[in-house]
Amino acid sequence: MVYLQRSLAAIDRFIRTTLRVPFRLHVRYKRIVSPTAPTYVMIHGLADTGNLWRPVINMLPDNVNYIVLDLLGHGDSRHFLGQVYRSDYQARNVLATCLTLGCIGPYTFIGHSFGSIVAIKCAKQYPNTKRLILCSPPLYTRSISDRRLDLNDTESILFEIYRQSLKHPKGTVAIYNLINALHLGGPSKTALRKETFWAFRETLYSGIMNQKAADDLKRLKLPIDIIYGKLDPLIISKNITAIAEHRPNIKVKATLSDHALRSPMVKAIKNVLANSN
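Computed from a predicted structure; not experimentally measured.

Taken in spatial order, the 7 strands line up as S1-S3-S2-S4-S5-S6-S7 in an open sheet, and their pairing is mixed. This sheet does not close on itself; its edge strands, each paired only once, are strand S1 (26-31) and strand S7 (250-255). Strand-to-strand twist of the sheet, defined as the mean angle between neighbouring strand axes without regard to direction, takes the value 15 degrees. Relative to S7, strand S6 (residues 224-229) is paired through 6 bridges, and the arrangement is parallel. By the bridge assignment, Ile224 is partnered in S7 with Ile250.

What follows is the structure, encoded as structure tokens:
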């Protein structure tokens, strides 16, 4: 029996990583009114779940579709031991799941934190994308191979913190548990455990630290709204400003908030939705 399970796992790993067949993700919330209706796809961030988007769902008009997912390795979607947590692969999973539900768009992708990076990849891969709404996007330009610590460079300090969190799983899980206990994580509880740390590690390393989202954003021509908190320690505001400069399709809104999806950010999302309909 053990041999059979290992053989099946090896076959599945080959299908997913070598043949790149996407996963169908867990759909936490959905409303499908028509295959061609405007469709809002909401994508959560690292160590989170689709529960994050409950305050936003109620803002949407009655004549649109919405799909709220758990990313691979998060929530009730599958947790897979393999190199499949890059943002481009997560985007393929998101698109495959949405298309399987019969929705062809136009799509508006709303992402939070790492979900923003996935949303950018979705827009890059799927031509029938109408708009991007990016909340707390961790847009970094530093090379992952540059391991020098520069105390005058916020991005360098963040990368060192990330590296240390990857080296110390127990401590990282404990910090997340403390965030939950103090109710600092926003509307949904962070979901990091010893059993899910693999997905956390691979997502942080290959999806956030090793990214090209800033370059992708510069090439996209569709309307893009970036919303971030002025008190967010994970955001490099100068990177966002540089991306938006001389690009009239990109609008930036800074709120009095931190990284979590709190009331000021939710209000900003509501304003964007009202002006885009």
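To continue, consider the state of the cysteines. Formally, a disulfide is one covalent bond, and it connects the sulfur atom of one cysteine to the sulfur atom of another. One pass over the structure, following the stated rule, counts 0 disulfides. Not engaged in a disulfide, the cysteine Cys103 finds its nearest cysteine sulfur in Cys98; these two sulfurs lie 7.0 Å apart.

On the surface, Lys230, Lys253, Lys267 and Lys270 cluster together into a patch of positive charge. Structurally, Lys230 is set in the loop between S6 and helix H9 (237-244). Overall, the relative accessible area of 58% leaves Lys230 in the exposed class.

Let's shift gears to unusual backbone geometry. Here the residue pair Gly105 and Pro106 is connected by a cis peptide bond, since its omega of 15 degrees sits within 30 degrees of zero. Relative to the assigned elements, Pro106 resides in the loop between helix H3 (87-100) and strand S4 (107-112). Positive phi, normally seen in glycine, also occurs at Ser136, with a value near 50 degrees. Phi at His246 is positive, roughly 65 degrees, even though this residue is not glycine. Note that His246 resides in the loop between H9 and S7. For His246, a relative accessible area of 73% gives the class exposed.

Now for the confidence of the model for the protein chain. In this model, the protein chain carries a mean pLDDT of 89, and residues with pLDDT of at least 70 account for 90%. Counted against residues more than four places away or in other chains, residues 2-12, with its pLDDT under 50, gives 2 contacts.

The element strand S5 (residues 129-135) is extensively covered by neighbouring structure, given that 6 of its 7 residues are classed as buried. Two elements, S4 and S5, share 6 bridges in a ladder whose sense is parallel. Paired with Phe109 across the bridge in S5 is Leu132. Each parallel crossover has a hand, and for S4 linked through helix H4 (residues 114-125) to S5 it is right-handed.

The subject of this paragraph is the environment of Lys170. By the element assignment, Lys170 lies in helix H6 (residues 169-181). For Lys170, a relative accessible area of 76% translates into the label exposed. Sequence separation between Lys170 and Arg193 is 23 residues; the distance between their C-alpha atoms is 9.0 Å.

Rules used throughout
- Residues numbered from 1 in each chain as written.
- Predicted model: local features only at pLDDT ≥ 70, side-chain atom pairs only at ≥ 80, totals over all residues.
- Heavy atoms only, no water.
- Pairing = 2+ DSSP bridges.
- Helix = DSSP H or I, 4+ residues; strand = E, 2+ residues; numbered from the N terminus.
- Axes fitted to C-alpha atoms, helices over the stretch in contact; angles between N-to-C directions.
- Disulfide = S-S within 2.5 Å.
- Patch = residues over 30% accessible without salt bridge, like charges linked within 9 Å, V, L, I, M, F, W, Y side chains within 5 Å.
- Areas by Shrake-Rupley, 256 points an atom, 1.4 Å probe, with all protein chains shown as cover.
- Salt bridge = Lys/Arg side-chain N within 4 Å of Asp/Glu carboxyl O.
- Lys, Arg positive; Asp, Glu negative; His and termini not counted.
- Charge placed at Lys NZ, Arg CZ, Asp CG, Glu CD.
- Buried < 20%, exposed > 50% of the residue type's maximum accessible area, 1.4 Å probe, protein only.
- pLDDT = per-residue confidence, 0-100.
- Contact = heavy atoms within 4.5 Å.
- Right-handed = clockwise from strand over helix to strand, strands pointing away.

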